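# A closer look at the structure
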Amino acid sequence: MTAPTKPRGFTEEAINELIAQRNEPAWMTERRRTAWTAWNDLPMPDPRKDEEWRRTPLRLLELDEATPLSDAAKANVVPLAPAGELAAALTFVDGQVTARQDIADDLRQQGVIVTDLRSALAEHADLVQRYFMTVVKPTEAKFAALHGAFWDNGVFVYVPKGVAVALPVGVVVESAAPGRASLHHTLIVMERDSSLKYVEELRGGVAATADGQAFSSRVIELVQGDGTTLDFATIQRFSPAMFDFYDARVVQARDTNFTLHNIELGAAMSKGHIEALLEGAGAHARLAGIYFADHDQHLDRYTLQDHKGINTTSDLLFKGVVADTARSVYSGYIRIHPGAKGSRAYQQNRNIQLSRKARADSNPSLEIAENDILGCTHGATVGKVDEEQLFYLMCRGLSRGEATQMIVEGFLDQLVEAIPLPTLRVSLRDELIARVEATTVETDAA
Amino acid sequence: MATPTGAADLIIRDLHATVADKEILRGVNLEIRKGETHALMGPNGSGKSTLANVIMGHPAYTVTGGEIIFKGHNVADLTADKRARMGLFLAFQYPLSVPGVTLSNFLRSAYAARKEGFDPDKPVEASGTTPKKRNLNPTEFRKLLQSKMEILKVDNTFLSRYLNEGFSGGEKKRAEILQMAILAPEIAVLDETDSGLDIDALRIVAEGVNALRGPQMGSLIITHYQRLLNYITPDIVHVMYKGQIIRTGGRELALELEEKGYAWLTGEEAEEAVATA
């Protein structure tokens, strides 16, 4: 029997089939082809040559175990939050929209768009054409190129001038079909003086074979016009089979406020690259992150605070917990361009190691090309739970394990508390508590 | 002061302890009964704070000889949490801040642990288990907390703040005393040595201790300065020097020290005067 088999992996055959299936505008087809060429031209990141990849070798990655082409699976998806907590919601399963909560009529009449990218391509082609993969270009990074060629679906949000969307837009991206690559795109465009909260959660990831890999390549593009405020949360809760790669970039015009909550809890391996480009005068970015790695997870992220405009300020705090034999890497870069007078940048990375075999690396660096700045500081800590804090809590009757849990939960909780969705805060706390408890073993048998 | 009958609740017998191989305690002997208030005085570096930490089981100190008998059991080999659950308490000179942990959450967990208690005669469960969840009646706890907060004049907003995070010196002391009130220890050690306590913080500690003083609690108040004893009248005063208790007396001993300085007892010429402010 010779049943037709879907092409596996990311091949010429696969890109041709995908383009044939999609029936997209010619310019999008062209962009896919350009990205495909870039993917073939760009070398695979090399830990010996690329500083950013030094601690994340790709020799274990099996790209031909996943396919961008397969039928979607059926999945029961738990919503991110009750409808009442959200302004609009979208649920994706393997690129298909399976649930949708439309934006309220008054906001829609003011021109707010919240839809999936495939629909946006048909209904708002001009806007998508103007912005899609112009913030993160497919030619600049290997996995961005792959994403540009094979992107599957995603979210498009447009907020017109002066419109405030009070409740968060909530998105769930579920990867359910075995062997199906997750290629989710997020594109948010905000016109001047608008405001938006956005929360997305990535779930699932099923390998085609029992001990195989699942694959995800994501791109997040955020465009903030003058005077806009964006509160953006991305929660990565992939399965332990997932190999996840993402590029996220925000471009901030004058007097913008950007808040990031970058929470990474899942995946076997994840490599992320986050950039805040503070281009307009007075732009402010507040970047917060949590990564929690246990078992043999490997989570690696890079952040850039890029100050171009005068009086731009940025404040970064990334906190990590590593347990068992897990490994985390944080690389943070602050760049202050010539002319970015009056700028101020902070960067803090704090890591707790819960086991001797777990490892956290922290690599902060600075490049300051302007003398007239208000300040630029960075700091990094890597260590066990503080013994004096432990003793203090134990003096009140808590066992070493309980005290450790309380300290670690507290360590992360300040960042969880800031996420603008109560239901999600509860589920994150529950998961973090359970995982801290699972890795905190009593050692005081005396 | 209760008439001593039977064995004391806390008996420190010929206690020796080292930190980083340096002997700090060189044979301390001390007995405290419930209902008694002891003051421990002494010049800087005499080992007062070390004694407090060793009584509680700080892992940085090694007991090299002697015993710490609490309620008839030698607790010198028990971890701090087990001693605490048996009813020992240490009020810290500099309480640590624990960001992200609210005072109310912390008090609830500590109270549940104290209520569970610890019986040194029972075999210890095997290690390698995650901590068990303790049940606590929330209404009962809230009532207890409210009553103690009223007695100690603690504001309700205190509870939702992170433990000692950004607390003033006085607020930290108030939080320590509130913990002591909730946990109802049988023996409390208050380490106030050398701290730059302002007069308000001093009063908070003193008023708290006086409010909790009673036949169910004995206390050991460690202070460099006699001034704290203007607010808390001790039953017994000990003077520590070079890792030993060299003199024990009544309230008048503190006053005599104030007048004559530690050199009167230690014989050292260069010894500083006992501050009185």
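Residues numbered from 1 in each chain as written. Chains lettered and ligands numbered in written order. Predicted model: local features only at pLDDT ≥ 70, side-chain atom pairs only at ≥ 80, totals over all residues. Heavy atoms only, no water.

## Overview of the overall build of chain A
Note the cut-off: In this text, helices come from DSSP runs of H or I with a minimum length of four residues, and strands from runs of E with a minimum of two, each type numbered from the N-terminal end. Note on method: radius of gyration uses C-alpha positions; expected globular size equals 2.2 Å times residues raised to 0.38. Exposure classes here rest on a 1.4 Å probe applied to the protein chains alone. A residue is buried below 20% of its type maximum, exposed above 50%, and partly exposed in between. Accessibility throughout is a Shrake-Rupley quantity obtained with a 1.4 Å probe, and a residue counts as covered only by protein chains that appear here. Residues scored as charged are limited to Lys and Arg (positive) and Asp and Glu (negative), so that His and the chain ends carry no count. Just so you know, the charge point we use is NZ for Lys, CZ for Arg, CG for Asp and CD for Glu.
Across its full length, chain A holds 9 helices and 19 strands. Expected size for 446 residues packed as a compact globule is a radius of gyration near 22 Å; at 22 Å, chain A falls within 12% of this value. Considering only C-alpha atoms, chain A reaches an extent of 70 × 65 × 50 Å along its principal axes. For chain A, buried positions account for 62% of its 446 residues. For chain A, the computed accessible surface area is about 16900 Å², with 50% contributed by carbon and sulfur atoms. Side chains of chain A give 46 positive and 61 negative charges; the mean places of these two sets differ by 2 Å.

## Describing the sheet that holds strand β10 (residues 218-222) of chain B
Residue and element names in this part refer to chain B. The condition that has to hold: By definition, two strands form a pair when at least two bridges between them are found by DSSP. Lines fitted to C-alpha atoms define the axes here, with helix axes fitted over just the stretch in contact, and angles between the N-to-C directions of these axes take values from 0 to 180 degrees. Two residues form a contact once any of their heavy atoms are found within 4.5 Å.
Read across the open sheet, the 6 strands follow the order β6-β9-β10-β3-β11-β12; overall the sheet is mixed. Unpaired on one side and paired on the other, β6 (88-91) and β12 (244-249) mark the two borders of the sheet. Strand-to-strand twist of the sheet, defined as the mean angle between neighbouring strand axes without regard to direction, takes the value 20°. Note: β6 against strand β9 (residues 187-191), 4 bridges, orientation parallel. In the strand pairing of β9, alanine 91 is matched with leucine 190. Sheet strands touched by helix α1 (residues 48-56): β3 (37-41), β6, β9, β10 and β11 (236-241). Its angle to β6, the strand with the most contacts, is close to 145°.

## Notes on the interface of chain A and chain B
Rules: What gets called buried area is simply the loss in accessible area from a 1.4 Å probe that two parts show on being joined, summed for both. Each reported salt bridge corresponds to a side-chain nitrogen of Lys or Arg within 4 Å of a carboxyl oxygen of Asp or Glu. As used in this structure description, the phrase polar contact means that two N or O atoms lie within 3.5 Å; if the pair is within protein, one of them must be able to donate a hydrogen and the other to accept it, and residues adjacent in sequence are counted only when both atoms belong to side chains.
Tallying the contact residues gives 30 residues for chain A and 45 residues for chain B. Both faces considered, chain A and chain B share a buried interface measuring about 2900 Å² in area, 63% of it formed by carbon and sulfur atoms. In this structure, the connection of chain A to chain B is made through 1 salt bridge. Remark: the boundary between chain A and chain B carries 10 residue pairs in polar contact (both at pLDDT 80 or more).

## Topic: the pairing of strand β2 (residues 96-101) of chain A
Moving residue by residue along a regular strand, the side chains alternate between the two faces of the sheet. Residues and elements named next belong to chain A. Here 5 bridges tie strand β1 (residues 88-93) to β2, and the two strands are oriented antiparallel to one another. Following the sheet pairing, phenylalanine 92 is matched in β2 by valine 97. Between β1 and β2, which pair antiparallel and follow one another directly, the connecting turn spans 2 residues, one of which, aspartate 94, has a positive phi of 50°.

## Examining helix α2 (residues 26-41) of chain A
All names here are of chain A. The criterion, for reference: Here a helix's expected span is defined as the number of its residues, less one, multiplied by 1.5 Å.
Given a rise of 1.5 Å per residue, 16 residues ought to cover 22 Å, and the 22 Å separating the end C-alpha atoms of α2 matches this to within 8%. Of all the positions in α2, only Trp27, Met28, Thr29, Arg32, Ala35, Trp36, Ala38 and Trp39 are classed as buried. Where the residues of α2 are buried, they touch α1 (12-22), α4 (117-123), α5 (125-131) and α6 (142-150).

## A look at the domain arrangement of chain A
All names here are of chain A. Formally: Where each domain starts and ends follows an automatic or database-derived domain assignment.
Along its sequence, chain A is carved into domain 1 (12-280) and domain 2 (386-446). On the side of domain 2, 12 residues touch domain 1, which itself brings 15 residues to the contact. Summing the contributions of domain 1 and of domain 2, the shared interface buries around 1100 Å²; its carbon and sulfur component is 67%. Considering only the surface of domain 1 that becomes buried against domain 2, Glu85, Arg237 and Leu265 emerge as the three largest contributors, covering 42% of it. Viewed at the interface, domain 2 and domain 1 are joined by 1 salt bridge.

## Regarding helix α7 (residues 387-394) of chain A
In an α-helix, one turn spans 3.6 residues, which is why side chains three or four residues apart end up on the same side. All names here are of chain A. Taking burial as the measure, the 8 residues of α7 include 6 buried ones, the bulk of the element. Restricting attention to buried positions, one finds in α7 the residues Gln389, Leu390, Phe391, Tyr392, Leu393 and Met394. Between the side-chain oxygen of the N-cap and the backbone nitrogen of glutamate 388 there are 3.3 Å, and the N-cap of α7 in question is aspartate 386.

## Some remarks on the environment of A:Gln252
Residue and element names in this part refer to chain A. Looking at where glutamine 252 falls in the secondary structure, it is placed in strand β10 (residues 242-252). Expressed as a C-alpha distance, the spacing of glutamine 252 and histidine 284, which sit 32 residues apart in the sequence, is 8.2 Å. Contact partners of glutamine 252, with chain neighbours within four places excluded, come to Gln224, Asn257, Phe258, Ala276, Leu277, Leu278, Glu279, Gly280, Ala283, His284 and Ala285.

## As for the nonpolar core
Note the threshold: Buried Ala, Val, Leu, Ile, Met, Phe, Trp, Tyr and Cys residues form a nonpolar core when they are joined through side-chain atoms within 4.5 Å.
Residues A:Leu393, B:Leu51, B:Met180 and B:Leu190 are the most contacted members of the largest nonpolar core, which totals 112 residues. The leading source of residues in this core is helix α8 (residues 400-417) of chain A, at 8 residues. If sequence neighbours within four positions are ignored, B:Leu190 has contacts with B:Ala91, B:Ile177, B:Met180, B:Val205, B:Val209, B:Ser219, B:Leu220, B:Ile221 and B:Ile222. The next biggest cluster of nonpolar side chains, apart from the first, holds 50 residues, and it includes A:Val157, A:Val250, A:Phe258 and A:Tyr330.

## Quick look at the confidence of the model for chain B
For residues with low pLDDT, the predicted coordinates do not support detailed interpretation. All names here are of chain B. What counts here: A score between 0 and 100, pLDDT records how confident the predictor is in each residue.
On average, residues of chain B score 88 in pLDDT, and 89% of them reach the 70 mark or higher. Between the elements of chain B, mean pLDDT differs from a low of 83, seen in helix α8 (residues 263-266), to a high of 98, seen in strand β1 (residues 10-19). Taken over the whole predicted complex, pTM reads 0.90, whereas the ipTM for its chain interfaces reads 0.93.

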